Amino acid sequence: MDELNAVLNKLKELFITVRYKYIKQNNDGNGYQTFNAYENKSHKRLHDGFLVSHLMRENTYGIFCRKTHTKFLTFDVDIPDKAEAIRVVLALYESLNELGIPTDKIFTSWSGTKGYHVDIYFSKEIPYKSMEKLYNAAVKLTLNLLDGNINGQIEKRPSPTQGLKLPLSINFKNKNPLDNICWYVDVQNGFKPIRSLDFILTIQPIDADVLKDLINDLPNETDLSRTLKPVKKEISPDLTNLDLSEESPNSLASLYKNGIRTPNSRNASLCKLAIYFNTLKISKQECEHRLNEWMEKQDPKYYKTPLKTCYQEITRIVNHVYKKNLVLNEEKNEIVVSRSEMLTIYQYPKKLHLTINALLIHSKRFRDKNRQFYMTYEQIATAARCSKNKAIDHIKELEQLGLIKVTRNPISGLPENRPNTYELNLNWLEAEPEITVTVSVDKVDSYRDIRTTLIIKTFPNNEWWNINEILYKTKEQQAIKIQ
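Here goes a summary of the coordinates provided. (Residues numbered from 1 in each chain as written. Predicted model: local features only at pLDDT ≥ 70, side-chain atom pairs only at ≥ 80, totals over all residues. Heavy atoms only, no water.)

Focus on the environment of F366
Inspection of the secondary structure assignment puts F366 in helix α12 (residues 353-366). On the accessibility criterion, F366 (5% relative accessible area) is buried. Linking F366 and A274, residues 92 residues apart in sequence, is a C-alpha distance of 18 Å. (Helix = DSSP H or I, 4+ residues; strand = E, 2+ residues; numbered from the N terminus. Buried < 20%, exposed > 50% of the residue type's maximum accessible area, 1.4 Å probe, protein only.)

A few points about the packing of aromatic side chains
To describe a pair of aromatic rings, one takes the distance between the centres and the angle between the planes. Under the defined criterion, the tally for this structure stands at 17 aromatic pairs. Here Y256 and F277 contribute two aromatic rings whose centre-to-centre distance is 5.0 Å and whose plane-to-plane angle is 90°, an arrangement assigned as edge-to-face. Of this pair, Y256 sits in helix α7 (residues 249-258) while F277 sits in helix α8 (residues 266-279), and the two are 21 residues apart along the sequence. Judged on exposure class, the residue Y256 and its partner F277 are both buried. A centroid spacing of 6.4 Å and a plane angle of 85° characterise the contact between W464 and W465, whose relative ring orientation is edge-to-face. Here W464 falls in the buried class, since its relative accessible area comes to 6%. Through a chain of ring-to-ring contacts, the aromatic side chains of F15, F72, F107 and Y121 assemble into a single cluster. Over the aromatic face of F64 sits the side chain of K21, whose NZ or CZ is 4.5 Å from the ring centroid. (Phe/Tyr/Trp six-rings, centres within 6.5 Å; stacked < 30°, edge-to-face > 60°. Lys NZ or Arg CZ within 6 Å of the ring centre and 35° of its normal.)

Let's talk about the nonpolar core
F75, L359, M375, Y422 and Y447 are the most contacted members of the largest nonpolar core, which has 93 residues in total. Excluding residues that lie within four positions of it along the chain, Y422 makes contacts with L359, R371, Q372, F373, M375, Y377, I380, I395, I404, K405 and V406. Residues L252, L270, I275 and I282 belong to the second largest nonpolar core, which totals 31 residues. (Core = buried A, V, L, I, M, F, W, Y, C linked by side-chain atoms within 4.5 Å. Contact = heavy atoms within 4.5 Å.)

Remarks on the side chain of N174
Among the structural elements, N174 can be located in the loop between β8 (164-165) and β9 (184-186). With sequence-adjacent residues up to four places away left out, N174 is seen in contact with G112, T113, D179 and N180.

So, helix α2 (residues 48-55)
The complete set of buried residues in α2 reads F50, L51, S53, H54 and L55. Of the residues flanking the end of α2, it is R57, one or two places downstream, whose phi is positive at about 65°.

Here's the deal with the pairing of strand β6 (residues 116-127)
Strand direction decides the pairing type here: strand β4 (residues 69-78) and β6, joined by 8 bridges, are antiparallel. Across the sheet, T74 pairs through a bridge with D119, a residue of β6. Relative to β6, strand β5 (residues 107-110) is paired through 4 bridges, and the arrangement is antiparallel. Bridge assignment links S109 to a residue of β6, and that residue is H117. Hairpin remark: β5 followed by β6, antiparallel, with 5 residues in the connecting loop; positive phi at G112, about 100°. (Pairing = 2+ DSSP bridges.)

Quick notes on the sheet that holds strand β2 (residues 32-36)
The strand order across the open sheet built from 4 strands is β2-β1-β3-β8, with neighbouring strands paired in antiparallel fashion. Every interior strand has two partners, whereas the edge strands, β2 and β8, have only one. Of the pairings in the sheet, the one linking strand β3 (residues 61-63) to β8 comprises 2 bridges and is antiparallel in character. In the sheet register, I63 faces β8, and the bridge partner there is L164.

Comments concerning the packing of α12 against helix α14 (residues 388-400)
Close contact between α12 and α14 brings their axes to 10 Å; oriented N to C, the two are set at 80°. Relative to α14, the element α12 lies roughly perpendicular. In contact with T355, I356 and L359 of α12, α14 contributes H394, I395 and L398. A class-by-class count of the residues in the contact of α12 with α14 yields 4 nonpolar, 2 polar and no charged. (Axes fitted to C-alpha atoms, helices over the stretch in contact; angles between N-to-C directions. Parallel < 35°, antiparallel > 145°, perpendicular 65-115°, else oblique. Nonpolar A, V, L, I, M, F, W, Y, C, P; charged D, E, K, R; others polar.)

A short note on the environment of K350
Relative to the elements of secondary structure, K350 occurs in the loop between α11 (339-346) and α12. Separated by 251 residues in sequence, K350 and L99 have C-alpha atoms that sit 9.0 Å apart. Residues in contact with K350, not counting those within four places in the same chain, are E94 and N97.

Comments concerning the sheet that holds strand β12 (residues 373-374)
Strand order in the open sheet made by the 3 strands is β12-β14-β13, with antiparallel pairing throughout. The open sheet has two edge strands with one neighbour each: β12 and β13 (404-407). Inspection of the sheet shows β13 paired to strand β14 (residues 421-424) by 4 bridges, in the antiparallel sense. Within β14, the position partnered with I404 by the bridge is L424. Packed onto the sheet, α14 meets β13 and β14 and runs at close to 115° relative to β13.

Some words on the packing of helix α4 (residues 128-145) against helix α5 (residues 208-216)
Taken N-terminus to C-terminus, the directions of α4 and α5 make an angle of 60°; their axes are 10 Å apart at the nearest point. With respect to their mutual orientation, α4 and α5 come out oblique. Note on packing geometry: the crossing formed by α4 with α5 is left-handed. When α4 is examined against α5, the residues S130, K133 and L134 are found in contact with a partner set consisting of L211, I215 and N216. Here the residues of the contact of α4 with α5 sort into 3 nonpolar, 2 polar and 1 charged. (Left-handed = near helix turned anticlockwise from the far one by under 90°.)

Remarks on the state of the cysteines
Summed over the entire model, instances satisfying the criterion amount to 0 disulfides. Sulfur of C182: no disulfide; nearest cysteine sulfur belongs to C65 and is 20 Å away. Of the residues examined, C182 reaches a relative accessible area of 1% and is grouped as buried. (Disulfide = S-S within 2.5 Å.)

Describing the pattern of salt bridges
Evaluated as defined, the whole model comprises 21 salt bridges. E125 serves as the salt-bridge partner of R66, at 3.0 Å between the closest nitrogen and oxygen. Taken together, the positions of R66 in the loop between β3 and β4 and E125 in strand β6 put the pair 59 residues apart, joining distant regions of the chain. Its salt-bridge partner being D217, residue K390 comes within 3.6 Å of it at the nearest N-O pair. Linking K390 in helix α14 with D217 in the loop between α5 and α6 (221-227), this pair joins segments that are 173 residues apart in sequence. Overall, the relative accessible area of 25% leaves K390 in the partly exposed class. Using a relative accessible area of 18% as the deciding quantity, one classes D217 as buried. (Salt bridge = Lys/Arg side-chain N within 4 Å of Asp/Glu carboxyl O.)

What is shown is where atoms sit, not what they do.
The structure is reproduced here in structure tokens:
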């Protein structure tokens, strides 16, 4: 009895916030009844005796949550085909890992008839809207990973209006006694049922404050839809012949400091400096102001255009550069990424995957002959869709781990620092068989979605389900070769 009481208390701790309203499955399996003690005085509240009968598999109950807060999130993977449901759950785990939720804080139970309930429990209640934000982000990533193709749906629970059946009891709709108990399952071991009530006692909720930080780093849906809108790149005739191949943050910082030194270089210099300031994420207005001041200081022997006309041209140049978001370095709009490179990322902590992915893609677009490239913290944050502070923390950790080399060398006399220069120093793996994929990319905010495409294409035929096993075998084979 003590054991049953412990399981009862754990069930209450993880799930129960509302007792006046609940659902009970009809014992013939044909639907549910809803009870609401506020609306019907003859209805009893959901007391512990009902929950005990649930655990004893005499009755099956479900719950609602409050309108404003919840203490857990359930992804109700409502998919009839079991193999397809497993595929979706695995993709959901991958997506939640990407968002910063570790696997040991994700728990899955069999629904009793079709599909699974994938749960995350919180150490204390969080706002319902925050839970919805996490749900939306995870489902979006999951659908991207599955190429938008699932034969069913992933429903959000709990809800103040839609009941959720609790685990560890019978789903009376399923008449097969070998398969109708809603056990938790071991996702890492072929979804084998964990046929014990005691398992629930081992569950530790995720720290709600840590979770709130993760959720706060997620983009709003409106922002997400905006960043994913495709934009066609246009090249202005004014910049067609602009040569940036030999330029660097150092050379342009020097141009800004020392000014024009050759005749007929005014227009090109203004274009280069506008691109330089945009790269540094200086505002459009501030860029124009600085270029006007800079122009006033130039030696008239190097240009003949009246200052009034120069000011007009500066406005035109700045408008074009900022509208098209032109940045320093001749970028590559098509890059080639290998299975080995994607597998290499997986050997590092999950929380760093999106940042490493951002650096990898950016390096392929912008690195110089020395394999170095620059990238602002704002660009890293945009590419990984996290906060700037999180991007800074990740760069520091990657540098401490020796996975990147960072050059910080501000130019004296300037009011701003140059972007950091990076060089990747990862422990590159060699996957067998090797696969390479060519993808088009022209915007930093597309890097995260490109990663999903790369995972699917470099690990085809759903191989990414077993990516941890592939990683283990690859590292094992590489270690043997070294010996």
